[in-house]
Amino acid sequence: MAFDPKEPDRKAERWQKHAEERLVVRDAAGGTALLRRKSGIYLPMPDRMNPQAWARRVNQAVAFNTTERARDVLVGLVDRHEPTFNAEVPKWAQTAAIEASGKNMARFTTRATNAICEDGMAVLWSHPWWQLIPVDRVLELTEERGIVTEIRISVDRDTVWRAVLAEPEQAEIQTYTRDADKGSWSMTSELTDIPGPGLPVSHQSIRPMDSPEPPKPPLSNLAYENIRHFQLRFARDGHVKTASVPIAIMKSSEIKQPTIYQIGDGHGIRIGKDDDFFYAEISGTALEASRQTLLDSEKTMAHMSIALIDRHIRGAESSDSRRIDERQASASVRTIARTAQAMLGSATVLAAAWSRGTVAAESLPKVSVALATSQASEPPTTEQLRLLAELVEADRLPPEHLFNAMERGELIAQGSTQQLLESVPPVDPTGE
């Protein structure tokens, strides 16, 4: 789609992809308060319903925070180690990156990983400081041979910001402002120098390497099921409230018209010898079915979520089933962590480019920040470690088996197995 200066706020079609999924994930992760505010979308009022009574019901609705917990677990898994620079990255480049990210790389990593979990990607502007731009504010982004040639962003309802690569080391910055009265747009422009090739944004900072457009958020299927559970639970709570209130009924031969009595503490009813008094209660057979539907939904979410969200639901599952889920979880963690690594790595390169110039940027590795890229494992028990150590000592197992077990359980630093192996003295095959 060619850019039209008369409609600078028009979003490119490919950047609208998966917009609904991103919104649903954010709403589900927002929890009870946000879903109550959006009750017009998720809990629309039925026809002929009293608005005040419906509002009271909505204010009592409670969401099952599965999506929020799964997102937080994912972010925690990636952030459980401090982000570290590769040894090849010079100190001056590390300093430039830390200062550009606000002198707190770990906090920025958390924000970036959170955005990747909710939106499937993160847009990063790297100069003069690192800024995360919400995906839904991106109106267009184009690139040629790995160089971003244009990026257009919606700043607010009446402001659009556009950067266009004019020369290899120069960009034109355009700001469009809408006239609220006339509805037309005015534009101001300025040229800025770039000390590195292309705009100060790398395609690695924009999205996963294998996706030319916004990908499907990793938590979207879970979020849809979470919203469904919210609606089912809301409906069932209303049914339970009705079914749990017995209605007092008095049968009398003397009363010609139904009469309403006050029943409760401090009240009593006197009836004749031929009269009858009883409570009418809903048997609630349908409530058990709705309860089972809720449990089935929670079990589905437990399978779909990254973490073991409810251990009592998963308690009867086989060990094989748990191992399959753990492998899927590790794959999701790796995808999210590697996306964040690519983004932070390219941001480090760009920060270095701004601080030292093109030559310095070209001398840096493409990926220069290391994050945790696998699901945390349970550390081996003392007995398991003792058994492994005895087998290694008896030359029944090579030492790397012991070190790998300790590394998987995070008893030793990730990636330290090779260093430990090099410290093990070689075994004399003659036994002397």
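Residues numbered from 1 in each chain as written. Predicted model: local features only at pLDDT ≥ 70, side-chain atom pairs only at ≥ 80, totals over all residues. Heavy atoms only, no water.

1. Description of helix 4 (residues 66-78)
Moving on, step 1. Its 13 residues give helix 4 an end-to-end C-alpha distance of 19 Å, which sits within 8% of 18 Å, the value for a rise of 1.5 Å per residue.
Moving on, step 2. If you check which residues of helix 4 are buried, you get Thr66, Thr67, Ala70, Arg71, Leu74, Val75, Leu77 and Val78. Looking down the long axis of helix 4, one finds its buried residues gathered within 165° of arc, a one-sided arrangement. (Helix = DSSP H or I, 4+ residues; strand = E, 2+ residues; numbered from the N terminus. Expected span 1.5 Å × (residues − 1). Buried < 20%, exposed > 50% of the residue type's maximum accessible area, 1.4 Å probe, protein only. Arc of directions from axis to C-beta.)

2. Here's the deal with the pairing of strand 7 (residues 170-178)
Moving on, step 1. Pairing analysis gives eight bridges linking strand 6 (residues 159-167) to strand 7, with the strands arranged antiparallel. Its bridge partner lying in strand 7, Arg162 is registered against Gln174.
Moving on, step 2. Across nine bridges, the pairing between strand 7 and strand 8 (residues 185-193) is antiparallel. For Ala171, the partnering residue across the bridge sits in strand 8 and is Thr192.
Moving on, step 3. Hairpin geometry of strand 7 and strand 8 is characterised by an intervening segment of six residues between the two adjacent antiparallel strands and by a positive phi of about 80° at Gly183. (Pairing = 2+ DSSP bridges.)

3. Some points on the sheet that holds strand 6
Moving on, step 1. The five strands are arranged 4-5-6-7-8 in an open sheet whose pairing can be described as antiparallel. At either end of the open sheet lies a strand with only one pairing partner, and these are strand 4 (138-144) and strand 8. Within this sheet the neighbouring strands show an average axis-to-axis angle of 15°, counted without direction. (Axes fitted to C-alpha atoms, helices over the stretch in contact; angles between N-to-C directions.)

4. Points about the packing of aromatic side chains
Given two aromatic rings, their pairing is described by the distance between the two centres and the angle made by the two planes.
Moving on, step 1. Within this structure, the stated rule accounts for three aromatic pairs.
Moving on, step 2. Relative to Phe234, the ring of Trp54 lies with its centre 5.2 Å away and its plane at 75°, an arrangement referred to as edge-to-face. Residue Trp54 is located in helix 3 (residues 51-58), and its partner Phe234 is located in helix 8 (residues 220-243); the two are separated by 180 residues in the primary sequence. Each member of the pair, Trp54 as well as Phe234, is classed as buried. (Phe/Tyr/Trp six-rings, centres within 6.5 Å; stacked < 30°, edge-to-face > 60°.)

5. A closer look at the environment of Arg71
Moving on, step 1. In this structure, Arg71 sits in helix 4.
Moving on, step 2. The class of Arg71 is buried, set by a relative accessible area of 11%.
Moving on, step 3. Reaching out from Arg71, the side chain makes a polar contact with the side chain of Asp72 at a distance of 3.0 Å. (Polar contact = N/O pair within 3.5 Å; in protein donor to acceptor, adjacent residues only side chain to side chain.)

6. Looking at the nonpolar core
Moving on, step 1. By size, the foremost hydrophobic cluster in this structure holds 48 residues, and its most contacted members are Trp130, Met343 and Leu344.
Moving on, step 2. Elements that contribute at least two residues to this core include exactly helix 1 (19-37), helix 3, helix 4, helix 5 (91-100), helix 6 (105-119), helix 8 and helix 11 (319-356).
Moving on, step 3. Among the elements that make up this core, the one with the highest residue count is helix 11 (nine residues).
Moving on, step 4. For Leu344, the residues in contact, after removing those within four places along its chain, are Met105, Phe108, Thr109, Trp130, Val369 and Leu371. (Core = buried A, V, L, I, M, F, W, Y, C linked by side-chain atoms within 4.5 Å. Contact = heavy atoms within 4.5 Å.)

7. Description of the confidence of the model for the chain
Low pLDDT means the predicted coordinates in that region are not meant to be read closely.
Moving on, step 1. Chain-level statistics for the chain give a pLDDT mean of 76 and a share of 67% at 70 or above.
Moving on, step 2. When mean pLDDT is taken per element in the chain, helix 1 scores highest with 94 and helix 10 (residues 311-314) scores lowest with 40. (pLDDT = per-residue confidence, 0-100.)

8. With respect to unusual backbone geometry
Moving on, step 1. Even without being glycine, His18 reaches a positive phi, approximately 65°.
Moving on, step 2. Mapped onto the fold, His18 is located in the segment before helix 1.
Moving on, step 3. A relative accessible area of 18% means that His18 is categorised as buried.
Moving on, step 4. Here Asp395, not a glycine, exhibits a phi torsion of approximately 60°, which is positive.
Moving on, step 5. Assignment of secondary structure puts Asp395 in the loop between helix 13 (382-393) and helix 14 (399-408).

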